[in-house]
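# Per-entry structural report
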Amino acid sequence: MSNKPESYLQIKELWKAFGEFVALKDINLDIGKGEFICFLGPSGCGKTTLLRAVAGLDPQTRGQIFQGGQDVSNLPTSKRDYGIVFQSYALFPNLTVARNVAFGLENTGRPKADIKARVAELLALVGLPEQAEKYPAQLSGGQQQRIALARALAINPGLLLLDEPLSALDAKVRVHLRHEIKELQRKLGVTTIMVTHDQEEALSMADRIVVMNHGTVEQIGTPTEIYRAPASLFVADFIGETNKVATTYQNGRVTLGSVSLTTKMQGVAEGAAVTVAVRPEDVVPHLSTAAAAGAANLLPARLMDMEFLGSYWRCHLQSDILGGQDLIANFSINAVRRLDLKPGLEMAVELPAERVLVFAERA
Amino acid sequence: MSDTNLPSGPNVTLKLDRDGIIKRAFMAVIALYLIVALALPLYAMLSKSFVTYSFDLDRYEFQVSDDAGTFGPAQSAAAINEQLAVFSDGQLRTSSDGRLSATALFPDFSFRSSLKYRMRGTEEDAPYLVGLDLQNTTEWQEYDSNTFRRINLRPVKSVGVQNYFEYFSNPAMFSSIQNSVFIALVSTVLTVGAAFGFAYALNRSVMRFKGFFKLVAMMPILVPSLLPGIALIYLFGNQGMLKSVLMGHSIYGPIGIVIGSVFFTFPHAMLIISTALSIADQRQYEAAESLRASRWRTFWTVTIPGARYGLISAAFVTFTLVITDFGLPKVIGGQYNVLAIDIYKQVIGQQNFEMGAVVSVILLIPAVLAFIVDRQVQKKQVSLLSARSVPYQPKVNKQFDMLCLLWCGAMAMFIVGLILVCQYAALVQFWPYDLSLSLKNYDFNRTDGGGWAAYTNSIKLALMTAVFGTVIVFTGAYMVEKIDGLKAGRGVFQFLAMLPMAVPGMVLGLAYIFFFNDPANPLNAIYGTMTILVVSTVTHFYTVGHLTALTALKQIDGEFEPVASSLRQPFYRLFVRVTVPVCLPAILDISIYLFVNAMTTVSAVVFLYSTHTALASVAVLNMDDAGDIAPAAAMGMMIFYTNAGARLLHMLASRRILRKTQSWRGR
Ligand SMILES: Nc1ncnc2c1ncn2[C@@H]1O[C@H](COP(=O)(O)OP(=O)(O)OP(=O)(O)O)[C@@H](O)[C@H]1O
Ligand SMILES: [Mg+2]
């Protein structure tokens, strides 16, 4: 992760407008060779639009795209170098699996035997060597998706584009295929961009995630960066869960009622209106304020309700300091047992300074 | 916050690759086809309707000498005409080839006299002929009397609404409008009523023989619209065996036209209404039942509103079919004039093309109106369709099912009956005197009308229309549906593809005369050939095929093209390998539709055939016109057999394809 791979795809000052509506605003990206990138964001944020611009299917209105050092900004699709897989798979229904996979290989002057061998190799690669003579309609959704992948990879593209490839599948198959696609990508080392609105998918598969919102890039970073150090309230909110409270920032501290919390966040303007965000798993339980001697950022709270979720307890707490707002905390099984936490208990919670995220309100 | 306004600068456009160029070329070729085969002829016709030709006597001056050769004062032709009242205003109006003899203005004229004549134009454009030489000069020209008798004035062209004015001030012409509207209204009410009953029975009852009835309901499509007219003449005509049933009324006229119209429009209305009824929602009926609504009330509050779009659409389609039909009124209309007949008479009878154009434009109005309403209604119906939920399941109701059976039986008897009468009439020696059977009426070479050659010509036309038409229509629809970019171009294309539906066949045929028979047109060479018949027929029936193709193409995944181009495959490879095979059933449907219609159509081709491209459907018309009704019936039946055979082949082919493709369609 530390030794940055050489740059393969650059997007510079890219804008896209549909008539009056601006769908993409000043997008800048630099994607390394062999990287697995996810475009993540809510529906309608422009992920597909950006992917289609990269593919040349629906060209950007302004800006440039470089691929492998070449300016491809206004090259037609056929002159670019990529394979694509759509949510619908878009397998040709009247051609067998083998013919589908061979579609990009035929008509290129390759000898027949060569094509056949390559098709067999690809089918083996996606784990479906037995299905060559079947028609797409005779395969399951997951199998169809793998065939679509094999077809896209057949021409050895420098770039693999995936538009929500897994969203039409049921949950179990999806988790399984996630893993397989990631493995395959690592094995082939092909630079990949996948569009998704499923954060789990993005977190588990991507080397780096591009979080998008309303046609702009909110943050680019590794899954841990995105999760642990979200660059904006939107990212914090969209990825994972957070407790949020609105207040003001003063002198490295934020005030909640009678309690004042320290934060390690930098670069927030003095006196700015801010939102404080804390992830549920970052909340530390204590029996009482007194029992947490030495700890800072303490809030007295009442444990209202607990849910056992297998690997941890999900707890709803209330504090006079937060008014009527629920505080959600995920406590480890260990901590619950150690402190003997029960609903109704008056206790204290610690919000560690380095985990208190502060975001200035947007204008 | 980042600026949300697009920075200034040019929009990025992709370079054209070979694929893009080929696509554009394809689209241009087909758009060009539609422009040449449709837009330009219509434009030619429209402009023709505003052109009048008349002799403008103000433009000429004459001088006559005495015996000694001294010329008298110059007099304008208009002044002479005013004094002598030689020509009425009506006589001065003429067509583009009008000629007016100059000598008529000089009652004492004798070509043997020694008098001399001088004439000149008083304006720039004052054409006249000396024999065959066209003169157009403001200089005085001198002629001896023998030459002067060969002088004819030529009309000048002017543009304006004069023709329309004349049309509407002519009571005979105007009554055609009333007649046409009357016939169309009555036929529409009867057809929609009958078709609704039939479709209702098919969809809402559990009567027996549904398959048979569906088949019979489609039979009228297989014959020319004038065939029922012939059958009606045999039944109720002057020598008809059931003449007395009419109680003194004549079948020649509105009665015959209306009955025949119900026959030939029935399948169209039935299909539309049946589709509308088939999308009913079972749950609405269950709700009505739980509210204890009576059957009657349910019918008016659930069934009719649910089918209203279908009913409106069927009514407009029927109205248009009847008002633009030419075959039936020609065969059985007698003295009853309708618009379509007026066009024919103006053009074929009186060679008054301009007036024919005027009537065409008038005929265009209801057709265009119907077309617009139909499109609106279709859109609404589609939204009903997508909201469809639980299909209606009819329950057994003995009494009601019996009623349905009776109604369908009666309609089937009407349809099959008329066709059987034709068949019988074609086979008897001499109706109604010698009813022994013979095949002599099938010896078409013994009657005028084109003989067996007309029949083979029709087959040729139908095959060529089916093949070329399907290629053009399907490729055109593909361009509209699957090509990215070029939005404006595709919009125009789509408009052109929808236009033929709004243009009656007669109007199209006449427009072709104006456009292709113009010697200045480089395409003039196809006039009078089979090519122009194929072009006009493909164009005439373009829209239905286009819509069928669009529906099929819309069901194909829109990502096929992007995938193929990412695999660096040209679009035509995808088109041939995937699109066409997947759409094969629709393609077959388009071709059989074109084939059947090419066999039966009369209206456009009646203006365009020549002696060596006579057609079977036109032969039916002409033989009937010449009094050879039995051979006309025989030829009509030949068309029926051919179409029935073609439909059968189509069905077998579709089955085979379906079986072959079942492996990849279903699981
Ligand atoms: N062809 C188009 N014409 C007009 N607007 C469009 C077009 N395509 C997309 N948009 C608009 O651009 C915005 C971004 O669309 P896009 O399809 O990229 O979203 P997305 O992030 O892929 O969403 P989803 O997760 O729902 O697929 C949306 O507001 C959409 O309505
Ligand atoms: Mg999308």
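From a predicted model like this one, the values you see are computed outputs, not experimental measurements.

### Remarks on the sheet that holds strand S2 (residues 21-32) of chain A
Residues and elements named next belong to chain A. The 4 strands are arranged S2-S1-S4-S5 in an open sheet whose pairing can be described as antiparallel. Edge positions in the open sheet fall to S2 and strand S5 (70-71), since each of these has one partner strand only. Both strand S1 (residues 7-18) and S2 contribute to a ladder of 8 bridges, which runs antiparallel. In the sheet register, Leu9 faces S2, and the bridge partner there is Ile31. Of the strands in this sheet, S1, S2 and strand S4 (62-67) are in contact with helix H1 (residues 47-55), which crosses S1 at around 120 degrees.

### Brief notes about the packing of helix H1 (residues 18-49) of chain B against helix H19 (residues 505-516) of chain B
Residues and elements named next belong to chain B. Close contact between H1 and H19 brings their axes to 8 Å; oriented N to C, the two are set at 85 degrees. Judged on the interaxial angle alone, H19 and H1 are roughly perpendicular. Judged by residue contacts, Val36, Ala37, Leu38, Leu40, Pro41, Leu42, Ala44, Met45 and Lys48 of H1 engage Val507, Leu508, Ala511, Tyr512, Phe514, Phe515 and Phe516 from H19. In terms of residue class, the contact of H1 with H19 is made up of 15 nonpolar, no polar and 1 charged.

### Quick look at the site of ligand 1
Residue and element names in this part refer to chain A. The environment of ligand 1 is formed by Phe18, Phe21, Ala23, Ser43, Gly44, Cys45, Gly46, Lys47, Thr48, Thr49, Glu164 and His197. Contact distances for ligand 1 include 3.0 Å between an oxygen atom and a backbone N or O atom of Gly46. One of the side-chain nitrogen or oxygen atoms of Lys47 is found 2.8 Å away from an oxygen atom of ligand 1. Burial of ligand 1 by the surrounding chains reaches 59%, relative to a free accessible area of 630 Å². Contributing elements (two or more residues each) for the shell around ligand 1: S2 and H1. Element by element, the count of residues in the shell around ligand 1 is highest for H1, at 3 residues. Classifying every residue of the shell around ligand 1 gives 4 nonpolar, 6 polar and 2 charged.

### A closer look at a positive patch on the surface
A cluster of basic residues, Arg655, Arg656, Arg659 and Lys660 of chain B, forms a positive patch on the protein surface. Looking at the element boundaries, Arg656 of chain B is found in helix H26 (residues 629-665).

### Regarding the sheet that holds strand S13 (residues 259-262) of chain A
All names here are of chain A. Within the open sheet, the 5 strands sit side by side as S13-S12-S11-S14-S20. Their pairing is antiparallel. If you trace the sheet from one side to the other, it starts and ends with S13 and strand S20 (357-360), each paired once. Put simply, the sheet's adjacent strands are angled 40 degrees from each other on average, direction ignored.

Here is what the cut-offs are and how they apply
Residues numbered from 1 in each chain as written. Chains lettered and ligands numbered in written order. Predicted model: local features only at pLDDT ≥ 70, side-chain atom pairs only at ≥ 80, totals over all residues. Heavy atoms only, no water. Pairing = 2+ DSSP bridges. Helix = DSSP H or I, 4+ residues; strand = E, 2+ residues; numbered from the N terminus. Contact = heavy atoms within 4.5 Å. Axes fitted to C-alpha atoms, helices over the stretch in contact; angles between N-to-C directions. Parallel < 35°, antiparallel > 145°, perpendicular 65-115°, else oblique. Nonpolar A, V, L, I, M, F, W, Y, C, P; charged D, E, K, R; others polar. Near = heavy atom within 4 Å. Polar contact = N/O pair within 3.5 Å; in protein donor to acceptor, adjacent residues only side chain to side chain. Areas by Shrake-Rupley, 256 points an atom, 1.4 Å probe, with all protein chains shown as cover. Patch = residues over 30% accessible without salt bridge, like charges linked within 9 Å, V, L, I, M, F, W, Y side chains within 5 Å. Salt bridge = Lys/Arg side-chain N within 4 Å of Asp/Glu carboxyl O. Lys, Arg positive; Asp, Glu negative; His and termini not counted. Charge placed at Lys NZ, Arg CZ, Asp CG, Glu CD.

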